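Observations on chain architecture
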Amino acid sequence: MKSSMFTWIAALSVCAPMAMPTQVVAQEQKPGITRYTITDLGTLEGGTFSQPFSINRYGLVSGGSNLADGNQHATLWLEKLKVDIGAPGLGGPNSIAFGDNNGFQSAGEAETSTPDPNGEDFCGFGTHLTCLPFLWQDGAMIQLPALGGNNGVAMAISNRGEVAGFAENSTPDTGCPAPQVLHFEPVVWEKGVIHKLPTFAGDPDGVAQQINDNGAVVGGSGACATFNTNFLYNLVPAHALLWEKGKVTDLGNLGGKTGQAGGNIAYDINNQGQVVGNSDLKGDKTFHAFLWTRKTGMQDLGTLSGDVASFSIGINDAGSAVGGSLDAKFNPRAVLWEKGVMTDLNARIAGHSPLYLMTGCSINSRGEITGLGMTSAGQIHTYLATPTHSVVISEVTSQSMISPRSLSDDARRLPQQQLRFGRFGVGFMGPQ
């Protein structure tokens, strides 16, 4: 990517270990503030990192974990269970589960053992194997069709079983840099049948990121680019989009026009029609989280005090949203937006936490949150934040909290890891 804003990926991918507290110290107690207990959901056997993308109303988390051999497999977590649904997968070494629903179905991407005939690397794992969208149900991974091309990705699944994502057609896109060759378009699969969604006028490529139970879809469109680990695809998203009944609506922007900073992209939509995402600010040098409603349009959700950028990537039906806020060195903090107030989730932890919370990726109807956390050893793990009704702690001393070191100052600590930032925020592809 051309934008210098993307340098924060390199900084985050080499996160340094941080000091862990022995206990949380309460300064005072006030009722009415939700606190969270933090559970480290861990990794598959032999793994060193994991990443979550979605949590359903029962606490089922979909995501991925690496293995001892360095490959990454689609993973489901439920309470104390960890299930590898990437084996045998679709025959290839890598997969990720991006979405799940209340029917315990999951959707995502999986490599096959077949090299891509055009040499593309659509899944982004560096293998150049064919990448296919999948639906997982009843213990089996089912391949979903593309639009005549070779590759596709399923990003989300509604409680009605409709899947949203993007897929290649058979037409070469002369604007795509190598190795990408073909156009890719936003799509919805209904009962296994693929339906193309329109991009915004003039945009050659696009992606669908989420679908609600009313069939409304959100995502974005823009120009093809070199595969970007920010977005999990070959796209600079210039327009945040909403599709309803096959018609596309541009949700606007916060002043940025090109998508070159963090992108103009919608990540999630709840059943009330509220949409969250992020948009570049005027000048296309930084980006902020947004909330869009039909009544108010796009609203800037801002950042935590002193920070320079933010993103919002999950919202539940109550209107509570999660994401992250980034300081000038692009150190991330998981954040929660409720009733117009933005809070650092690390300041809402009740008792000891095994992790520093870097991002909030998804929030369910019970207020449970999943995201990326960092261990004292500097490993990135999936966490579950569960609302607690125990003694309420309103403030936490800075000495008692896990706090990030200057991540960019230790830029050579973990050179084998690569960040992914997209529909569910910051995540790791795994060793390359």
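Everything below is about the structure shown above.
What comes next concerns the included structure.

Rules behind the numbers
Residues numbered from 1 in each chain as written. Predicted model: local features only at pLDDT ≥ 70, side-chain atom pairs only at ≥ 80, totals over all residues. Heavy atoms only, no water. Phe/Tyr/Trp six-rings, centres within 6.5 Å; stacked < 30°, edge-to-face > 60°. Helix = DSSP H or I, 4+ residues; strand = E, 2+ residues; numbered from the N terminus. Buried < 20%, exposed > 50% of the residue type's maximum accessible area, 1.4 Å probe, protein only. Core = buried A, V, L, I, M, F, W, Y, C linked by side-chain atoms within 4.5 Å. Contact = heavy atoms within 4.5 Å. Disulfide = S-S within 2.5 Å. Pairing = 2+ DSSP bridges. Axes fitted to C-alpha atoms, helices over the stretch in contact; angles between N-to-C directions. Salt bridge = Lys/Arg side-chain N within 4 Å of Asp/Glu carboxyl O.

We now examine the packing of aromatic side chains. Tallied over the entire structure, the rule returns 5 aromatic pairs. Taking 6.0 Å as the distance between ring centres and 80° as the angle between the ring planes, the aromatic pair formed by F122 and F184 counts as edge-to-face. Of the two residues, F122 sits in the loop between strand 7 (106-115) and strand 8 (129-137) while F184 sits in strand 12 (residues 182-190), which places them 62 residues apart along the sequence. The two residues F122 and F184 agree in class, both being buried. Ring centres 6.1 Å apart and planes at 55° place the aromatic pair F166 and F184 in the tilted group. Of this pair, F166 sits in strand 11 (residues 163-172) while F184 sits in strand 12; the two residues are 18 residues apart in sequence, bridging distant segments of the chain. Here F166 and F184 have matching classes, each one buried.

Side chains of a nonpolar character, in soluble globular proteins, are inclined to be buried together. If you look at the biggest cluster of nonpolar residues, it comprises 25 residues, and the most contacted ones within it are V153, F166, F184 and V207. Where this core is concerned, the elements lending two or more residues are strand 6 (95-100), strand 10 (148-157), strand 16 (233-244), strand 18 (265-269) and strand 22 (309-315). The residues contacting F184, other than those within four sequence positions of it, are F122, F166, A167, E168, P204, D205, G206, V207, C224, N234 and L235.

Here the focus is the state of the cysteines. Enumeration according to the criterion identifies 2 disulfides in this entry. Note on cysteine connectivity: C123 is disulfide-linked to C131, with sulfurs 2.1 Å apart. Handedness of the C123-C131 disulfide follows from its S-S torsion of about 75°: it is right-handed. Both residues of the pair, C123 and C131, belong to the buried class. Shown here is the disulfide that connects C176 with C224, its sulfur atoms set 1.9 Å apart. The chirality of the disulfide connecting C176 with C224 is right-handed, given an S-S dihedral of about 115°. One end of the pair, C176, is in the loop between strand 11 and strand 12; the other, C224, is in strand 15 (residues 217-228), with 48 residues separating them in the sequence.

Moving on to the sheet that holds strand 18. The 4 strands lie next to each other as 18-19-20-21, forming an open sheet whose pairing is antiparallel. Since the sheet does not close on itself, it has two edges, and those belong to strand 18 and strand 21 (297-302), each with one partner. Put simply, the sheet's adjacent strands are angled 30° from each other on average, direction ignored. Bridging between strand 18 and strand 19 (residues 275-280) involves 4 bridges; their strand directions are antiparallel. Its bridge partner lying in strand 19, D268 is registered against V276.

With that out of the way, let us pick up the pattern of salt bridges. One pass over the full model with this rule turns up 6 salt bridges. Between E162 and R160 there is a salt bridge; the shortest N-O distance is 3.0 Å. With a relative accessible area of 52%, R160 lands in the exposed category. Close ionic contact of D344 with R333 constitutes a salt bridge, the shortest N to O distance being 3.6 Å. Here the residue D344 occupies a position in strand 25 (residues 341-344), and R333 occupies one in strand 24 (residues 332-338), the gap between them amounting to 11 residues. By relative accessible area, D344 is classed as buried at 12%. Salt bridges sharing partners connect three or more residues here, namely D307, R333 and D344.

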